[in-house]
Amino acid sequence: MEVLRILDVDGSLIGDSPVDLDEARRLFAAMVTARVYDRKGSALQRQGRLATYAQFEGQEAAQIGSVAALRPDDWLVGTYRDAAAMWMHGYPWEALLLGRMGDERGGAPPAGVNVLPPSITVGGHMIHAVGLGWAERMKGSDRIALTLFGDGATSEGDFHEAMNFAAVYSTPTVFVCQNNGWAISMSRGRQTASETIAQKADAYGMAGVLVDGNDIFAVLTAARTAVQRARAGEGPTLIEALTYRIGPHTTTDDAGRYRSDEDVDAWRKKDPIDRLRAHLRSAGGWDEAWEGAIEQSASTEIEAAVAQAEGLEPFPADAMFDRMYAKPPGSLEAQRRLQGDEPG
Amino acid sequence: MSELNLAQALNDALDVALAADDRVVLLGEDVGVTGGVFRVTDGLHERHGGRVIDTPVAESGIVGAAFGMAIAGLRPVAELQFLGFAYPAFDQIVSHVGRIRNRSNHRFTAPLVIRIPFGGGIGAAEHHSESSEAIFAHTPGIKVVAPATPADAKGLLLSAIADPDPVVFLEPIRVYRAIKEEVPAGHYTVPIGEARVVREGADVTLVSYGAMLRDAGRAADTLEADGVSVELIDLRTLSPMDHATIVGSARKTGRVVAVVESHRSASLASEIAAVVQEQALYSLLAPVERVTGWDTVVPLKRTEHHYIPSPARIVTAARRTLAG
Ligand SMILES: Cc1ncc(C[n+]2csc(CCOP(=O)(O)OP(=O)(O)O)c2C)c(N)n1
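Definitions and cut-offs
- Residues numbered from 1 in each chain as written.
- Chains lettered and ligands numbered in written order.
- Predicted model: local features only at pLDDT ≥ 70, side-chain atom pairs only at ≥ 80, totals over all residues.
- Heavy atoms only, no water.
- Helix = DSSP H or I, 4+ residues; strand = E, 2+ residues; numbered from the N terminus.
- Contact = heavy atoms within 4.5 Å.
- Lys, Arg positive; Asp, Glu negative; His and termini not counted.
- Charge placed at Lys NZ, Arg CZ, Asp CG, Glu CD.
- Expected span 1.5 Å × (residues − 1).
- Buried < 20%, exposed > 50% of the residue type's maximum accessible area, 1.4 Å probe, protein only.
- Polar contact = N/O pair within 3.5 Å; in protein donor to acceptor, adjacent residues only side chain to side chain.
- Pairing = 2+ DSSP bridges.
- Axes fitted to C-alpha atoms, helices over the stretch in contact; angles between N-to-C directions.

Undergrad: I'd like to hear about the overall build of chain A, residue by residue, with values.
TA: On a plain count of helices and strands, chain A comes out with 13 helices and 8 strands. Seen through its principal axes, chain A has C-alpha atoms that stretch 70 × 50 × 40 Å. Pairs at least 24 residues apart make up 73% of the contacts formed inside chain A by residues separated by at least 6 positions. Positive and negative side-chain charges of chain A, numbering 34 and 49 respectively, have mean locations separated by a distance of 1 Å.

Shown next as C-alpha cells:
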C-alpha cells in the first residue's frame, strides 16, 4: 500500500497543500499549543498534581489533522491519549485536566461539544462512533462520527465488530488508527501480522488509506476525503496514520525496557511540528517571535485552566450517588445515609 | 525464607511453578519484556523464555487461547492487566471456561489460572479500581481466590496452578507493595477453600479478604483498645466460600460484620450475611452488618476515599452490633 505524503520530512511540498497559508498557520498554532499542554501535563504529573498521564508528543499532526477535517457539530470519540484532538474539537483544557486529576467533572464537555469522554478501555469505543453516525443518518442529519484509536486497539474483538457494522450498514464513520509503533511494550508487529493496518479495510469492505501521520497535510487530506464520503452516504473509511509515541506509554511506564533510544531519535527527526515549521518558513509564514507568542499564550491559557481545575470546590462526599441514575433509587438514598457512618 | 512483598511472592510462585513443570505457560499483555504492569512477572521471560508469552491487546483472545491450551494439557496462567479490563474476557470465562467440565461430562477440563489485579486505593484512572469479584464468584465452575498477604499469595497461587479446575486469582492492588513478610522458599501450598482465622476473639467477628483485611485489622485494633474482643477472618477463597469457619465464629461471638470493598448489592457481604442467618440465626445477638463500597462506579482519585470503607466505618458498624 502506498503511503500518502504531501509535506516531506524536510518541509518541502511534494503534493498539493490542502490549505492556504493562513490555515496552515492556524494548524501550526494548534499543534504548538497541544505540545505545550502535553509537556505541562507531564510536568504536573511529576509534581504529583495529576494522576497518571498519557503523553501524545509526536502525534500532534495525526490528531489535529484528522479533527481539522470535521465540522464543529460532528462527533469525536477518542482515547486517553487524544487530548489534542479533543481540545481541537471543543473539549476545554480544564475538563481534560480535571479528568487527569481524578475528578469526574472532567468527563463532561460543555453542551454542544460532541465529544465523548476519553475511553480508558482499549477498543470498546470505536463501535460507539458507528452507532453515533448511524443514528445521525436515521435522524436525517448529515453529521458524521470520527474515532481515534491505537494500533493495539486493532487487536481487540471490538475493533473488528465496529469495522464490520460500519461497512455492513455503510455508516458515516471515519476510523483513524494512530499507529504509534507501540501498545505499551508490544510493537505493532506483535499486534498484527498484516503488512499494514489500513489494508484490513479491504476485508470488511470499506475504503482504507495509509498516510504519513507526522505530515499534517496528508492526514488532513485523507480525513477530508473520508469525511466527505461519509457525509455523502458513501460509507466508512479506515485511515492508518503512521506516527510514533515519543514518550513512554504513560508516566508510569519505563519505555527503556523495550525500545531503543536510536529508534526514538530517528522519529524525532520526523517531528510533525518541525516539518510544518520548515514549510511555513520557506513560504514566508513563520518567524521565531510568532512561535514564541503562540507558546506564551498557550502557556498562559493552560496555566489558567490548571488553576481553575485545582481551585474547584471539592466534590461533596455523596455526589457519587447523584450521577448514577436520573433519579437515585431508594437503595442508593439508603446508602447515602449509611455514608454518615464515617465521622467527619 | 525471605522478606517479600505480595508482588514478589507471586513472582516467586510463578518462578517455582515454571521451573517445576514444563506445562506451565504464562501469557498476557506486557508480561514478558516489561514484566507486567505491576512487575509480577519481572525476570521470568529471561529465565523461562518461550513459556512467558507477550500477547496482543485482546483479553478475550488471551483467556480463550489459555482455555484451549489447558484443554490440550498445558497449565496456562493468563494475566489480565486490571479487573476493569477483564470484561472483554468475561464471555470466555462465563460461557466457556466455567462450563467445559460440565458440558463434556468430565471428558474435557480446563485447569487454567486467570490472574487479575483488583480493588482501588491507589488513585488510578477509570476502570483501574474495580472490585467486581462477586460476578466471578457468581459464576459456576470456576474458583475465585483473593489473597491478602505475601505468604498466602504464594501458597494459594501454587495451589491454583495445581488445581484441576479453572481459578480466577484476584490480586489486591493496594497490597502489592504495601507489606513485606517472611515467605517460605521453594514449593508449598495454601489450600483453596479454607479461610484463615487471623486473630481469635469472643465479642464480634469481622469477615474480610483482599486489601480490606488490613482495614478490618485496623478497626479491630481500635475496638480492642476499647476492650472489645474481635475475631478476624480472612476468607482467602471467595468461591467456594468456607462457610464452616464463618458460621463457627458467628456461633461463638453472636455478632458478624462483613467487610468488602465491592459494590454493596449482591456482593460477597450479602452472601456472608445469608450464610450466617441460615446456619447461625439462633446464636445471633444482632443483625449481620455489611460494610461495603457503594452501588456507584468507583470514584476517581479525588473522591475515592468516600467509597472505599474506612476503618472508622467498620468500627461504627461493629459498635452497632455490640449495642444490639
Ligand atoms: C480493554 C483494555 N485492556 C487493557 C488495557 C490496558 N492498556 C492501556 S493502554 C494499552 C495499550 C494500547 O495500545 P494502543 O491501542 O496502540 O494505543 P496507544 O496507547 O499506543 O495510544 C493497554 C494494553 C486497557 N486500557 N483496556
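Additional details are given in the paragraphs that follow.
Undergrad: Explain helix 11 (residues 311-323) of chain B to me, and be specific about the residues and the numbers.
TA: Residues and elements named next belong to chain B. Here helix 11 spans 18 Å end to end across 13 residues, near enough to the 18 Å set by a 1.5 Å rise per residue. Taken together, the buried positions of helix 11 are Arg-313, Ile-314, Val-315, Ala-317, Ala-318 and Thr-321. On its buried face, helix 11 sits against strand 10 (204-208), helix 8 (212-225), strand 13 (256-259) and strand 14 (289-291).

Undergrad: If you had to explain helix 11 (residues 288-311) of chain A to someone new, which residues and values would you point to?
TA: All names here are of chain A. For helix 11, which comprises 24 residues, the first-to-last C-alpha distance of 34 Å matches the rise-based estimate of 34 Å (1.5 Å per residue) to within 8%. Those residues of helix 11 that fall on the buried side of the exposure criterion are Trp-290, Glu-291, Ile-294, Ala-298, Ser-299, Ile-302, Ala-305, Val-306 and Ala-309. Packing partners of the buried residues in helix 11 comprise helix 1 (21-46), helix 4 (93-100) and helix 10 (272-282). One side-chain oxygen at the N-terminal end of helix 11 lies 3.0 Å from the backbone nitrogen of Ala-289; it belongs to Asp-287.

Undergrad: With reference to specific residues and values, describe the sheet that holds strand 8 (residues 237-242) of chain A.
TA: Strand pairs in the sheet, formed through backbone hydrogen bonds, run parallel or antiparallel to each other. All names here are of chain A. Reading across from one edge, 1-7-8-4-3-2 is the order of the 6 strands in this open sheet, with parallel pairing throughout. Where the open sheet ends on each side, the last strands, each with one partner, are strand 1 (3-4) and strand 2 (75-77). Across 6 bridges, the pairing between strand 7 (residues 207-212) and strand 8 is parallel. Bridge pairing in strand 8 links Asp-212 to Leu-242. Against the sheet, helix 6 (residues 157-168) touches strand 3 (145-150), strand 4 (173-179) and strand 8, its axis set at about 150 degrees to strand 4. With respect to the sheet, helix 8 (residues 216-231) is in contact with strand 1, strand 4, strand 7 and strand 8, its orientation differing from that of strand 7 by roughly 160 degrees.

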